[in-house]
Structures are given as C-alpha cells and as structure tokens.
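Inside the fold
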Amino acid sequence: GRRFARAGAAFGYPMLSLLLASSPSFTARPLPPPRARCTPDVLMAAVFIDGEAGTTGLQVRGRLSTRDDIDLITLPEESRKDPAARAEAINKADAVILCLPDAAAIEAAALVAADNDRTVLIDASTAHRTNAEWAYGFPELSGAQRSKIAASKRIANPGCYATGFISLLGPLVGAGAVRREARLVTSAVSGYSGGGNPLIAVYEGAEHEPWGAYGFSLSHKHLPEMAAFSGLDRPPIFMPAVGDFAQGMVVSVPLHYDSDLEPAFAEGEGVGERLHAALAAHYADEHFVSVMSLGEEAWKEEGLLERGAFLRPDALNDSNHLQIFVYCNDAARTCVVAARLDNLGKGASGAAVQNLNIALGLDERTSLE
C-alpha cells in the first residue's frame, strides 16, 4: 500500500518519496590530514562515507571498518547533514563514497574544493552514471574500463539491476552475437532490501505482499545506463519485481535467435553453445564474475538448483560475486541469459568497495572475500 509506494524511489522511481530512517550513532573523532592514494610508501587512506546510515552506507562501512589500510572519517550524528562539516570531511579524504539520493549526491560532489584534484568520489546514486566525466564502475565491462576506473577521480557505481543486465548483454553485443538494434525485454526479481529502510520495515512487519511487480510507467531510472553500457542502441523493456526475501537478485533476458542475434552468429547448429562460449571467454580471467555450465542438466549435476529445480536469488548474499547462467533451446531457436547477484553486494556496497580498491591502487579483492 502506501508504505510500499514510499519505498519505490529506491527501486528506481524518484517521484515516490523515500523516507529516511533514523541514523545510528558513531563516535566522532578529529578529521585526519589529507593523505595521498595508497602506495607502497603510504599504508593508509582516509575514506569518508557520506550517507553512512543508509542501507548501502552501513554495508560499505561494515566492509571497511576492520581494515588496517583504511582510516574512516566519521562525523557526529548531528553534523551529518551540515554542509560545512561534510565539505571539510570530503576535502580531507583520499576517497569519498556517496551513499545518498541523487540530488544529495550532486550537492555532495559540488562540495569538492576547486583546487582539490586529489579526492576520489565514488557515487552509489544514479546521478552520474551516464555522465561522460565519470567512469562507470563496472570494471568487468572490459580491460579498458578497469583502467579508466583506476585513472579516474570520479566513479559512478552501477545500479543493481543494471549490473545484471550489462554483465549479460555487454559481452554479447561486443562479440557480435546480439544485434545492437535488438528490441529486448528483461525481467528481474530483487530482495526487499533494495527499497531501503522503508521497504525493509514493510517486509519485516506483519503485513506485506508476498511478491510485487512494479515499474508500470516503463521508465525505471536504471534504463539509461542499461542502454549506455550494454552496447544496445536503446534500453530494453524492463519488468522489475520485489520478493519476500531480504537480499539477492536474478536478472533474466530472453533472446530469439532470428530477431535478436546477428544473422551470421545465428546460422547453423550450436548457437546456444556459442552464446555461452562468448560469455565464458569474456569473463575467463575475472574473479568476481563467473559463467556457470551450460543448461539445466549441468546445473542439476553441480547442485546449483534448489531441490533440483529452482534457481535461488539469494545464493550469493553478502558477497561481491555474480554468476551468469545460459539455457537454450536450439530447436525452438530461443535462449535465456540470466545473472544472479546480491543486490547489496555486487549490486551496491561490494561494487563500491571494489571500485575504491581499484582507485586506491589496491588488490580489488580486499575485504570482499
């Protein structure tokens, strides 16, 4: 009902108001002096999480708080919305992770001093994802993308749904398998934590929906990045849903050989095997993205299906991993590619920490295992 609508903004509809939960209190301490990025001679980096009391911010803090190479800057609770205090923290940090709504993230980015060419901003909001001056934070997109992130002072963390979609279509368009002009449809189901504190309160209360489709305006805010970084010439029709589980996500994209694939790629036998091989080749050297064996029978043998039948969305919870599944019917000339990930992990906080590690010149797996 109304409570569900309030959470809609976090799932991609900013016109629906998102209520802010009360912020937990952390102990304040003096702000440290500026430091350079991590190098063999500089063992710690100062990091400020602007918006650390939200769902993503708390997860980022949890991943960073035990590290001995990160010095977290924390503001007292009463100063967290004070522009002057935030500006001081932002400009004293080596890196800042913005866990804020879009408008607040734009405001925070403007707090970087004109002469500050040192601080790295990583924005977890939608605000800068298709801005050419910001590096898109999906390093597995290509080797060039990882290098771009490493060299950038402005990094836009991908959306959770977009991460799944782009992980599937980017390599297939790039390999000449899927047509740029393909008119695709994608469906997805996410855990309710993706709606932030308001939706968490709904689903952890006594009265809530068991499952809910939404996004009926067909204008989800992840659509621009889905088109921009998949290689398609337009976004898909997107049908998202939220289920009665806290974390986890599956994003699925059906493909018709005769209308969605390049004609040369769709010729002959073994089209499904070639689609699978294209994805496997793209991610062969990646740590966090894995392409699973081809087809249902292989998944059963490997124990990937719950009760031998169901692909659980929550199997990767609390990790930064993403798994890709390919299942095809060559006789019907159809295939589905699907991505499974934690919407709060590779879809949010895990990706932010991975991008932070890359930006600071560290092993990108640090605190993500």
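To be clear, the structure that these remarks concern was listed above.
Below is a summary of the structure that appears in this document. (Residues numbered from 1 in each chain as written. Predicted model: local features only at pLDDT ≥ 70, side-chain atom pairs only at ≥ 80, totals over all residues. Heavy atoms only, no water.)

Some details on unusual backbone geometry
Phi is positive for Arg307, close to 55°, though the residue is something other than glycine. Inspection of the secondary structure puts Arg307 in the loop between α11 (296–301) and β12 (322–329). Although it is not a glycine, Asp318 adopts a positive phi angle of roughly 65°. Overall, Asp318 belongs to the exposed group, its relative accessible area being 56%. (Helix = DSSP H or I, 4+ residues; strand = E, 2+ residues; numbered from the N terminus. Buried < 20%, exposed > 50% of the residue type's maximum accessible area, 1.4 Å probe, protein only.)

Regarding a nonpolar patch on the surface
A cluster of nonpolar side chains, namely Leu218, Ile237 and Met239, defines an oily patch on the protein surface of about 290 Å² accessible area. Note on placement: Ile237 falls in strand β9 (residues 237–243). (Patch = residues over 30% accessible without salt bridge, like charges linked within 9 Å, V, L, I, M, F, W, Y side chains within 5 Å. Areas by Shrake-Rupley, 256 points an atom, 1.4 Å probe, with all protein chains shown as cover. Salt bridge = Lys/Arg side-chain N within 4 Å of Asp/Glu carboxyl O.)

Some remarks on the nonpolar core
One finds Tyr161, Leu169, Leu172, Val178, Leu261 and Leu275 to be the most contacted residues of the largest nonpolar core, which totals 44 residues. Elements with a minimum of two residues in this core: α6 (160–174), α8 (223–230), β10 (249–256), α10 (271–282), β12 and β13 (334–341). Tallying contributions element by element places α6 first for this core, with nine residues. Beyond its immediate stretch of four places on either side in the chain, Leu261 contacts Ala177, Val178, Arg179, Leu255, His256, Ala266, Val271 and Leu275. Ile149, Ala352, Ile358 and Leu368 belong to the second largest nonpolar core, which has 23 residues in total. (Core = buried A, V, L, I, M, F, W, Y, C linked by side-chain atoms within 4.5 Å. Contact = heavy atoms within 4.5 Å.)

Some thoughts on the pairing of strand β1 (residues 45–50)
Counted residue by residue, β1 has six buried out of six residues, so it is predominantly covered. Of the two faces of β1, the one carrying Ala45, Val47 and Ile49 and the one carrying Ala46, Phe48 and Asp50 are both buried. Bridge count for β1 against strand β2 (residues 70–73) is four bridges, and the pairing is parallel. Bridge pairing links Ala46 to Asp71 in β2. The handedness of the β1 to β2 crossover, carried by helix α2 (residues 55–64), is right-handed. Note that β1 and strand β3 (residues 95–98) share four bridges and pair parallel. Note on β3: the bridge partner recorded for Asp50 is Leu98. (Pairing = 2+ DSSP bridges. Right-handed = clockwise from strand over helix to strand, strands pointing away.)

Side note on the environment of Pro236
If you trace the backbone, Pro236 turns up in the loop between α8 and β9. Of the residues examined, Pro236 reaches a relative accessible area of 5% and is grouped as buried. For Pro236 and Arg183, which are 53 residues apart along the polypeptide, the C-alpha to C-alpha distance reads 6.5 Å. Excluding anything up to four places from it in sequence, Pro236 contacts Phe165, Leu184, Val185, Thr186, Leu223 and Met226.

Examining the sheet that holds β10
Taking strand neighbours across the sheet as the criterion, the seven strands line up as β8-β9-β7-β10-β13-β12-β11 in an open arrangement whose pairing is mixed. Each edge of the sheet is formed by a strand with only one pairing partner; in this case those strands are β8 (211–213) and β11 (289–291). Put simply, the sheet's adjacent strands are angled 20° from each other on average, direction ignored. Direction of pairing for β10 relative to β13: antiparallel, over a ladder of eight bridges. The partner of Met249 across the bridge, within β13, is Leu341. (Axes fitted to C-alpha atoms, helices over the stretch in contact; angles between N-to-C directions.)

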